Number of protein chains: 2
Amino acid sequence: MSPAGAGRRTPRRTRQRQAVADLLAAHPGFISAQRVHSLLAEGGIEVGLATVYRCLAQMVAGGELDTIVAESAEVLYRRCSADHHHHLVCRRCGTTVEVHDPQVESWADGVARAHGFADVNHRVEVMGVCRACAL
Amino acid sequence: MSPAGAGRRTPRRTRQRQAVADLLAAHPGFISAQRVHSLLAEGGIEVGLATVYRCLAQMVAGGELDTIVAESAEVLYRRCSADHHHHLVCRRCGTTVEVHDPQVESWADGVARAHGFADVNHRVEVMGVCRACAL
DNA sequence: ACGTACATGAGAACCATTATCAGTTACCTC
DNA sequence: GAGGTAACTGATAATGGTTCTCATGTACGT
Ligand SMILES: [Mn+2]
Ligand SMILES: [Mn+2]
Ligand SMILES: [Zn+2]
Ligand SMILES: [Zn+2]
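What counts and how
Residues numbered from 1 in each chain as written. Chains lettered and ligands numbered in written order. Predicted model: local features only at pLDDT ≥ 70, side-chain atom pairs only at ≥ 80, totals over all residues. Heavy atoms only, no water. Donors = N, O, S within 2.8 Å, 3.2 Å for Na, K, Ca; no water. Helix = DSSP H or I, 4+ residues; strand = E, 2+ residues; numbered from the N terminus. Contact = heavy atoms within 4.5 Å. Buried area = accessible area lost by both parts, 1.4 Å probe. Salt bridge = Lys/Arg side-chain N within 4 Å of Asp/Glu carboxyl O. Tetrahedral: all angles 85-135°; square planar, octahedral: opposite > 155°, others 65-115°. Least-squares fit on C-alpha atoms with pLDDT ≥ 70 in both. Pairing = 2+ DSSP bridges. Axes fitted to C-alpha atoms, helices over the stretch in contact; angles between N-to-C directions. Domains from an automatic or database assignment.

**Student:** Looking at this model, I keep getting lost on the coordination of the manganese ion (ligand 2). Mind explaining?
**Tutor:** Where a metal carries four tetrahedral donors, each ideal angle is 109.5 degrees; where it carries six octahedral donors, the ideal angles are 90 or 180 degrees. All names here are of chain B. Coordination of the manganese ion (ligand 2) by the protein is provided by His84 (NE2), His86 (NE2), Glu105 (OE), Glu105 (OE) and His122 (NE2), with metal-donor distances spanning 1.9 to 2.2 Å. Mapped onto the polypeptide sequence, the residues donating to the manganese ion (ligand 2) form the spacing pattern H-x1-H-x18-E-x16-H. Placement of histidine 84 in the loop between strand S3 (75–79) and strand S4 (86–90) and of histidine 122 in strand S6 (residues 118–129) is noted, with a sequence separation of 38 residues between them.

What follows is the structure, encoded as structure tokens:
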């Protein structure tokens, strides 16, 4: 029988997957699947929309990407560091700062424990206008 | 001419608006518009789905309701206190605790200021399993 | 080079939400 | 209490992001 971690083999190297990965590696802020699709198209790289969604989902599953939900309820993706952190996002240009801060982690755990909640996780986003966009 | 706060007159008292308001007043956790609609229908109270959405939107605008976005990306509504706070939500039963804590407020502002961001707001949710649901 | 399991993509399906618009009604005025 | 009107309602269509379908294509181990 196969080893414990079966089913998790290396994904195929395809033109499409590479194009999506490259675009996200180069893009500094959060970006939607639809926008990834049209940016690729503008660059002359045809990738089906369904494939864009599939690639993004796989990269999220693999921990390569973080996601946030925009006010319009569309999902935005960004290449992020692997360890737990939160985001400070410019709502004008999308510039994003990763925030690694144990302070807010212990705060969240403390709040949950104080009310007897178990199996806790949290979602923290800070949004504002970055220095460059404020002029 | 009309006074400064023109256009904000009292909404009409209708059977439908009352039904939606009553349901949210009685409901302890967050709930979706679709679920409001079907709960009313189950109770024999016919209210059009469009009207449910309209009433909820108006109550949000009036500060009577808070909203969060579920993982499924659908919007959930809850009757909440007027002042700024965050939520500790049981992901099993939806039971919700309002968290008023200046600690996380100043943390968010501090993080933003440290990176030169202005006009800051934030989104903070803590999710877990409440004592009752943990058995 | 072959075979096949995996990947692709055009289009349909899905689903929450919003827009239309003709008919209804709360409520102000007389 | 009757009338007028702006607000409200709801069946239905439209929207838009996301997922599904399935016939076709292809990366890669052999
Ligand atoms: Mn955290
Ligand atoms: Mn806060
Ligand atoms: Zn900016
Ligand atoms: Zn619970």
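There is more to say, and it comes next.
**Student:** For this particular structure, what's the right way to read the interface of chain B and chain A?
**Tutor:** Where interface size is quoted, it is often the accessible area lost as the parts come together. Taken together, the contact pairs 33 residues of chain B with 33 residues of chain A. Counting each side, the surface lost to burial between chain B and chain A is near 3,100 Å², with a carbon and sulfur contribution of 64%. When the buried area of chain B at its contact with chain A is split by residue, Trp107, Phe117 and Arg123 of chain B rank highest and sum to 25% of it. Where chain B touches chain A, the interface holds 2 salt bridges. Across the salt bridge formed by arginine 91 of chain A and aspartate 119 of chain B, the nearest N and O atoms sit 3.4 Å from each other.

**Student:** Would you explain the coordination of the zinc ion (ligand 3) in this entry?
**Tutor:** All names here are of chain A. The protein atoms that coordinate the zinc ion (ligand 3) are Cys90 (SG), Cys93 (SG), Cys130 (SG) and Cys133 (SG), at distances of 2.2 to 2.4 Å. Of note is the zinc ion (ligand 3), whose 4 donor atoms meet at the metal with angles of 103 to 114 degrees in an arrangement that counts as tetrahedral. Summarised as a motif, the one-chain spacing of the donors to the zinc ion (ligand 3) is C-x2-C-x36-C-x2-C. Taken as a pair, cysteine 93 in the loop between strand S4 (86–90) and strand S5 (96–99) and cysteine 130 in the loop between strand S6 (118–129) and helix H5 (131–134) lie far apart in primary sequence, 37 residues in all.

**Student:** Explanation requested: the relation of the copies chain B and chain A in the structure shown.
**Tutor:** These two copies of the chain differ by a rotation about an axis and a displacement along the same axis. Superposition record for chain B on chain A: RMSD 0.1 Å, screw rotation 180 degrees, translation along axis 0.0 Å. The operation mapping one copy onto its partner corresponds to a two-fold rotation axis. Closest approach to the rotation axis among the C-alpha atoms of chain B is made by valine 124 of chain B, whose C-alpha sits 2.2 Å away.

**Student:** Got a minute to help me understand the sheet that holds S3 of chain B in this structure?
**Tutor:** Paired through backbone hydrogen bonds, the strands of a sheet run either parallel or antiparallel to each other. Residue and element names in this part refer to chain B. Read across the sheet, 3 strands follow the order S1-S3-S2 without closing on themselves; strand pairing throughout is antiparallel. The sheet is open, and its two edges are formed by strand S1 (31–32) and strand S2 (65–69), each paired on a single side. The pairing of S2 with S3 spans 5 bridges and is classified as antiparallel. Along S3, the bridge assignment pairs threonine 67 with tyrosine 77. Contacts from helix H3 (residues 49–61) reach S2 and S3 within the one sheet, and its direction differs from that of S2 by about 110 degrees.

**Student:** Explanation requested: the domain arrangement of chain A in the structure shown.
**Tutor:** All names here are of chain A. The domain architecture assigned to chain A consists of domain 1 (10–80) and domain 2 (83–135). Opposite the 7 residues of domain 1 that make contact, domain 2 presents 7 residues. Summed over both sides, the interface of domain 1 with domain 2 buries roughly 560 Å², with 56% coming from carbon and sulfur. Broken down residue by residue, the surface that domain 1 buries against domain 2 is led by Phe30, Ile68 and Arg78, which jointly contribute 54%. Counting across the domain 1 and domain 2 interface gives 1 salt bridge. One salt bridge connects arginine 78 with glutamate 98, and the closest N-O pair in it is separated by 3.2 Å.

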